[in-house]
Amino acid sequence: MKTEQLIDMLASNTAPVDRRIVTRRFGTAIAVGLLLALLVLLIFFGIRPNIGEIAATPLFWAKLALPATLLAGALLVTTRLARPGVTVGSGWATVAAPVVAVWLAALGLLLSVSTDSRWSLIFGETWRSCPMNIALLSIPTFACVFWAIRGLAPTRLRLAGAAGGLLAGSIATLVYSLHCPEMSVAFWAVWYVLGMLIPTAVGAVLGPRLLRW
Amino acid sequence: MQRTTSHEALKAREAQLQLLLLLGLDGDEAAYRQFLTLLGAHLRSFLRRRLQSHEVEDLLQEALLAVHNARHTYRREQPLTAWVQAIARYKLMDHFRAHARHDALNDPLDDQAELLADEDHHANQAQRDLGRLLEQLPDKQRLPILHVKLEGLSVEETARRTGLSASAVKVGVHRGLKALAALIRGDQ
């Protein structure tokens, strides 16, 4: 086939492109990801029994704020990386800011208490299982997010994979917060962040293979 | 490096190509064909500076197919050159990687004006025959592409002839062209 014929073929009967296709694809991926992670949560972990009480406290919403703001930041970075020639730019700050904020809050908390109680604020009761639980919940969200990225055209595959992994991890952490009994910001600052780093690293490793187009 | 084209001329080219692409994205077939033709000439000269001459036409075809398959990722306010050059660069890197030519990976392609600086309308013979690759696609992709894209039949007429639904015909064209890109990469 000559190049001229190829151009003819590509142009022939070309349909109008839906301008909202990218938004719709990521919207679907996040919604389905949330539902699947919730399903896995209900099967393996369950929602904490006193959720009604806890949901009335500001601290519960502060806990959701970390994964929720990271979700927004990772979504911005991922959709930028999934389009050719778009620089991430200020998008990096939207990912860094929630992490820095929670670290500062944790530092403030730890400095305000006696040395003895610091360790329990960091380790809580569930530090052993927390990151792996988040990683487990990330499996379905990872599949959804990568499906969405594959519908676009990332050109920096490792970075796009890492951003997608972080997006998947933040969705999973948001859902995991409904089960997790820990209410110390120092705990979230370490173990939630670590939990989200697992799918991020997996995304960076698998990106070049899964996202090639 | 010597500039063959002035800054104003480059800007005019960018504006013209962008207009043609935007019309094409809204379904204007003639504008889209013209966009691909003009872009092809720029890409050919861009690739000719970086590849051996027998490789140019194959990679040009691969890049044009990639531009087409990624056309929904173009943002209307984005500089067209940045978008196209990122795609061309990605395909070029992929090619270098596949042929283990690591020396060429260091080629700085940051100058975005360069893509539109020259054009080349002289097509060599492609080594790879995309027509033959198309024949390897499964029928539900091959037939929609054959009728809609090569014979120019409407989606409805194609649906009638193949017994597929109209949406299956559209999906078949879309997936088929992505599958064609995968066949070119050789990973399926």
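The structure displayed is predicted, hence computed values, not measured ones. (Residues numbered from 1 in each chain as written. Chains lettered and ligands numbered in written order. Predicted model: local features only at pLDDT ≥ 70, side-chain atom pairs only at ≥ 80, totals over all residues.)

Looking at chain A as a whole, the pLDDT averages 95, with 100% of positions reaching at least 70. Mean pLDDT in chain A bottoms out at helix α3 (residues 51-54) of chain A, which sits at 89, and peaks at helix α8 (residues 157-176) of chain A, which reaches 98. (pLDDT = per-residue confidence, 0-100. Helix = DSSP H or I, 4+ residues; strand = E, 2+ residues; numbered from the N terminus.)

Residue and element names in this part refer to chain B. Under the domain assignment, chain B is made up of domain 1 (1-127) and domain 2 (129-188). Each partner contributes to the interface: domain 1 provides six residues, whereas domain 2 provides six residues. Looking at the side of domain 1 that touches domain 2 residue by residue, the classes come out as two nonpolar, three polar and one charged. (Domains from an automatic or database assignment. Contact = placed C-beta atoms within 7 Å. Nonpolar A, V, L, I, M, F, W, Y, C, P; charged D, E, K, R; others polar.)

For N13(A), which is not glycine, the phi dihedral falls at a positive 50°. Relative to the helices and strands, N13(A) resides in the loop between α1 (3-11) and α2 (21-44).

Residues and elements named next belong to chain B. You can see L21 is positioned in helix α1 (residues 7-25). Measuring from C-alpha to C-alpha, the distance between L21 and Y74 comes to 9.4 Å, with 53 residues separating the pair along the chain. In contact with L21, not counting residues within four places along its chain, are F35, Y74 and L80.

Mapping G46(A) onto the fold places it in the loop between α2 and α3. Sequence spacing of G46(A) and A153(A) is 107 residues, and the spatial spacing of their C-alpha atoms is 37 Å.

Let us look at α2(A). Residues and elements named next belong to chain A. Helix length check: α2 (24 residues) gives 34 Å between terminal C-alpha atoms against 34 Å at 1.5 Å per residue, within 8%. Buried within α2 we find F26, A29, I30, G33, A37, V40 and L41. Packed against the buried residues of α2 are α4 (58-81), α7 (130-150) and α8. Just downstream of α2, G46 is the residue with a positive phi angle, here 80°. (Expected span 1.5 Å × (residues − 1). Buried ≥ 20, exposed ≤ 12 C-beta atoms within 10 Å, placed from the backbone.)

Right, let's get into the interface of chain B and chain A. It is common to report an interface's size as the accessible area lost on association of the parts. Residue-level contacts link 38 residues of chain B with 26 residues of chain A. In terms of residue class, the side of chain B that touches chain A is made up of 17 nonpolar, 12 polar and nine charged.

The next subject is the confidence of the model for chain B. With 89% of its residues at a pLDDT of 70 or more, chain B has an overall mean of 88. Confidence estimates for the predicted assembly give a pTM of 0.91 and an ipTM of 0.89.

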